[in-house]
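Each chain is listed here by its residues.
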Amino acid sequence: MKKVLSSSAIRRVDKKTMERLSLSSLQLMEIAAFNLFQFFCSHFQFYQTSTIHIFCGNGNNGGDGLVLARMLFKAKWKVKVYYLRFSSKDSNEFAANLNQLNEMKIPIEELNENRFDLSIQQSDVVIDALFGSGLNRSVQGFVGKVIDILNQSEHIVAIDIPSGLMAADNRNNSLEHVIKATATLSIQVPKLCLFQPTYAECIGEWHLIDIGLDHMALEEEQTPYYFLERSDIKKLIKPSRTFAHKGTNGHGLLISGSFGMMGAAVLSANAALRSGVGLLSIHTPKCGVEILQQAVPQAMVEVDIHQYFTTCIQSVEQYKGIGIGPGLGQAENTQKAIHHLLQLVIQPLVIDADALNILASHQDWLSLIPTGSILTPHPGEFKRLVGEWNSDEEKLEKLKEFCGKVKSYVILKGAFSCLCTPEGLFYFNSTGNEGMAKGGSGDVLTGILTALLAQGYTSESAAMFGMMVHGLAGDIAAESIGKVSMNALDLIEFLPHAFMQLND
Ligand SMILES: NC(=O)C1=CN([C@@H]2O[C@H](COP(=O)(O)OP(=O)(O)OC[C@H]3O[C@@H](n4cnc5c(N)ncnc54)[C@H](O)[C@@H]3O)[C@@H](O)[C@H]2O)[C@@H](O)CC1
Ligand SMILES: Nc1ncnc2c1ncn2[C@@H]1O[C@H](COP(=O)(O)OP(=O)(O)O)[C@@H](O)[C@H]1O
Ligand SMILES: [K+]
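About the cut-offs
Residues numbered from 1 in each chain as written. Chains lettered and ligands numbered in written order. Predicted model: local features only at pLDDT ≥ 70, side-chain atom pairs only at ≥ 80, totals over all residues. UniProt positions renumbered as here; feature names shortened; annotations may be inferred. Domains from an automatic or database assignment. Contact = placed C-beta atoms within 7 Å. Nonpolar A, V, L, I, M, F, W, Y, C, P; charged D, E, K, R; others polar. Near = placed C-beta within 6 Å. Helix = DSSP H or I, 4+ residues; strand = E, 2+ residues; numbered from the N terminus. Axes fitted to C-alpha atoms, helices over the stretch in contact; angles between N-to-C directions. Parallel < 35°, antiparallel > 145°, perpendicular 65-115°, else oblique. Left-handed = near helix turned anticlockwise from the far one by under 90°.

An unreviewed UniProt entry annotates the protein as Bifunctional NAD(P)H-hydrate repair enzyme of Acidiluteibacter ferrifornacis. Quoted verbatim from the Subunit (unreviewed entry) field of UniProt, the annotation for the protein is "Homotetramer."

Engineer: Looking at this model, I keep getting lost on the domain arrangement of the protein. Mind explaining?
Structural biologist: By a widespread convention, an interface's size corresponds to the accessible area lost as its parts come together. Here the protein is described as being made up of domain 1 (2-223) and domain 2 (249-503). Distance from the C-alpha centre of domain 1 to the C-alpha centre of domain 2: 41 Å. Every contact between the two is made by six residues of domain 1 and, on the other side, eight residues of domain 2. A class-by-class count of the residues in the side of domain 1 that touches domain 2 yields two nonpolar, two polar and two charged.

Engineer: Would you mind going over the site of ligand 1 with me for this structure?
Structural biologist: Taken together, 28 residues lie around ligand 1, and G59, N60, N61, G132 and G134 are the ones closest in. Listing elements by their share of the shell around ligand 1, those giving two or more residues are α1 (7-20), α2 (25-43) and α3 (60-74). By residue number, the principal contributor to the shell around ligand 1 is α3, which donates five residues. Its residues assigned to classes, the shell around ligand 1 comprises 11 nonpolar, 13 polar and four charged.

Engineer: I keep staring at the packing of α3 against helix α4 (residues 92-103) and nothing clicks. Help me out?
Structural biologist: Axes are the key here: two packed helices are described by the angle between their axes and the distance separating the axes. It is at 8 Å that the axes of α3 and α4 come closest, and there the two elements cross at 25 degrees. Taken together, α3 and α4 sit at an angle that is classed as roughly parallel. In this structure, α3 meets α4 at a crossing whose hand is left-handed. Contacts between α3 and α4 involve N60, G62, G63, L66, V67, A69 and R70 from the former and E93, F94, N97, L98, Q100 and L101 from the latter. Of the residues that constitute the contact of α3 with α4, the class distribution is six nonpolar, five polar and two charged.

Following this line, the structure appears as structure tokens:
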């Protein structure tokens, strides 16, 4: 798990790293740039025949740019270096490195208000080292003009953060002049902007470049934001037991399906059955019985009295994991059935899809949600629950407030799905890809989460584990059959591989 830190926290970590490892700021910059250089050379090998234009500001981001330029120059890459002074005082590290470049007779051009004609060819590469984590107000003036010109380039690699973007909160940033990078090399610590859809087109693909910051110093920083990694899940996985039987592996219940939407029930059930549950029951209307008995013979079907949708859920105390929502529909009687269930149930629920939509239209039922439930809205469903937001930052505020109010976990789905806890901690998922943006992918997640709760995982562990394994199944599917063709059925097919990888 990596901490997502603010710029001020990163500065403190830098300072402690230098003190504890007896490094000067110049040495730390040298290490940072060396790691950037190594990554650049291996990952962007195909740029080797292009001219690399490196644009440096006169802060430490620019300092990184200068050192990187020196290393690329020495390694015989074709580099052109430019710098501009947006601040009247150069940072010490920038100044020292500018001297070094001059001494080495590496050509370097100063850009200013009267001189910023740039000639960059289509196949050329721009490295953006103008502003990094030190940006504290919107970019204006001639630096803004330079950024606008650079944005006409096709290949832009940003160092640490695309210039013009702030690490954590851009609500007071006009965002008029921001580098639109094709790739961002973020220095060791993930920044909040990396996970926010609004800034995706400025950030491009991103990579974390480890520079050896002091682990204790990172430990000492407090943050509510985390980047969840595969290695975090291994610790959560329960060991299998030789004398286990279907009764000890938990009994799950999925309340899903209605006329015309039985596919959602089939998907969630199959996902649950690939996620270790001992026994699975599915509550469904009469029209779904035959479909389910054929498609999911391992599951038991609990038949509703209604032909087309769920109207009556009787007793649920025997189930440890209960998932409700996939393909449920929003019929009047289904709404009543959900209200009845909420009054009846004491164990945490997995609440998805139409069950969320029904809750959104009965806000007074939110207080009936059992503590520790897991809600899995996509952004559209979440908006119905909490109203519109004006920015991604406000979205996270609403998410925290909502989780506190309903004392439950929410997985806000999408790229870097965000799990928020009742205590207001945020975990961004590191697995998953855009090939999963297909109908039915969410139903698979509901099945997985239901199965994990049934097996006795705590809600928090189930939410982390489920979110990670679901995304990993998507990543393995993408690698095996490609993002275009993969669909929800493939997520189920590759779930066994994902569970095995997390267990390794
Ligand atoms: N641990 C790390 O992350 C390390 C980071 N380093 C680099 O240091 C960078 C941070 O360096 P700095 O703190 O010098 O910050 P920047 O290089 O981002 O420069 C910010 C400077 O510009 C000024 N400024 C801010 N907004 C402005 C605006 N809109 N218009 C004009 N001037 C503005 C600020 O007063 C500040 O002096 C990081 O992004 C990274 O590239 C490395 O050198 C060493 C280790
Ligand atoms: N671009 C993406 N990157 C990563 N994961 C994605 C992306 N788009 C969708 N997903 C994942 O796919 C699933 C889609 O769920 P949802 O929208 O509820 O679909 P459905 O309701 O059709 O089942 C979520 O788990 C989401 O995180
Ligand atoms: K930058």
